[in-house]
Amino acid sequence: MKRYFAGLTDTGKVRTVNQDAYYIDQEGRFFIVADGMGGHAGGQEASQIATKTITEHLNAHWDSSDPSQVLLKEAFIAANRAILDDQISHPERSDMGTTAVVALFRDGQSWCANVGDSRLYRLRGHTLTQISEDQTWVAQAVKRKAISPDEARVHPWRHVLSQCLGREDLSQIDIFPMEIQAGDRLLLCSDGLTEELPDSIIANQLKSIRACEAATQALVDAAIDREGKDNITVIVVLINEDD
């Protein structure tokens, strides 16, 4: 299936440095969003290292016989190691880390890979579905039904990650196939978008604006119009039938 896509990042109204990073493969094979943490220099460096390392690994091994889930796992492990190596070289960045979410299209299959709480959504018709699962304390509490989704949106621990890249104890990389069909739209985003906009507004923007570039701009503008407290990064991918 043919893919059309666009990406956009913005510092937001409060932050002075953009610690988000994203990458779009120009052949539409894979897409990455990363959201760094650990101080201005650390967070910015971590997200850039992650996107660069994942991109380089996927490109280097794209034509290998490795299954896509293995390729993705090794790319994330390589990114984690690259950040750890940078921490050793730059002790002032020893607490840096980053989320990362990837959508990949290879060998006729679609895959999602995720560490942290940047998200991948699929809009099909009028239904917006979160494909990735947040790796946060709050998401785990919702899964256990200890708190409700509404409580999770305002919980003071909602940004506490259970996993991120840049840790020796990285133990969970979520990788699973996605079911995609013509007409679907995918959204990869950092939590600067989802912190400001409920799913209903995200879905409405994706439904009402067909052009990917215009949709990314509308989503970023809507988050800034709310409060724009964090960096905001979005990638929109439209799935079409082959020409």
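Quantities reported herein were computed from a predicted structural model and do not represent experimental measurements.

Draft legend 1. Looking closely at the pattern of salt bridges. Summed over the entire model, instances satisfying the criterion amount to eleven salt bridges. When the shortest N-O distance is used, the salt bridge between Asp-25 and Arg-29 registers 3.0 Å. Grouping residues by exposure puts Asp-25 and Arg-29 together as buried. Each of the salt bridges in this network shares a partner with another, and the network as a whole consists of Arg-81, Asp-85 and Glu-168.

Draft legend 2. Inspection of the nonpolar core at higher detail. Core analysis: the largest hydrophobic core is formed by 25 residues, its most contacted members being Ile-54, Leu-58, Phe-76, Val-102, Leu-104 and Leu-165. Where this core is concerned, the elements lending two or more residues are strand S3 (30-37), helix H1 (40-61), helix H2 (68-89), strand S5 (100-106) and strand S6 (109-115). In terms of residues, this core owes the most to one element, H2, which gives seven residues. Filtering out sequence-adjacent residues up to four positions away, Phe-76 remains in contact with Ile-54, Ala-100, Val-102, Ala-113, Asn-114, Val-115, Leu-165 and Ile-173. Of all hydrophobic cores here, the second largest spans 24 residues; its members include Leu-193, Ile-209, Cys-212 and Ile-232.

Draft legend 3. Main features of the side chain of Asp-191. With respect to the secondary-structure elements, Asp-191 resides in helix H5 (residues 191-194). Arg-15 provides the closest opposite charge to the buried, salt-bridge-free Asp-191, at an N-O distance of 7.3 Å. Ignoring anything within four residues of it in the chain, the contact list for Asp-191 reads Asp-35, Asp-117, His-159 and Asp-230.

Parameters at a glance
- Along each chain, the written sequence defines residue order, and numbers are assigned to residues from 1.
- Only residues with pLDDT of at least 70 get local features here, since the model is predicted, and only at 80 or more are side-chain atom pairs given and counted; chain-wide, interface and lining totals rely on the full set of residues.
- As a rule here, side-chain values cover all heavy atoms of the structure and leave hydrogens and water aside.
- What counts as a salt bridge is simple: a side-chain nitrogen of Lys or Arg found within 4 Å of a carboxyl oxygen of Asp or Glu.
- Only protein chains enter the accessibility calculation, which uses a 1.4 Å probe. A residue is then buried if its area is under 20% of the maximum for its type, exposed if over 50%, and partly exposed in between.
- Nonpolar core, defined: a set of buried Ala, Val, Leu, Ile, Met, Phe, Trp, Tyr and Cys residues in which side-chain atoms within 4.5 Å join the residues together.
- Strands are runs of DSSP state E lasting at least two residues, helices are runs of H or I lasting at least four, and both sets are numbered from the N terminus onward.
- Contact between two residues is taken to exist if any of their heavy atoms lie within 4.5 Å; hydrogens are not considered.
- As used throughout, the charge tally considers Lys and Arg to be positive and Asp and Glu to be negative, leaving His and the chain termini uncounted.

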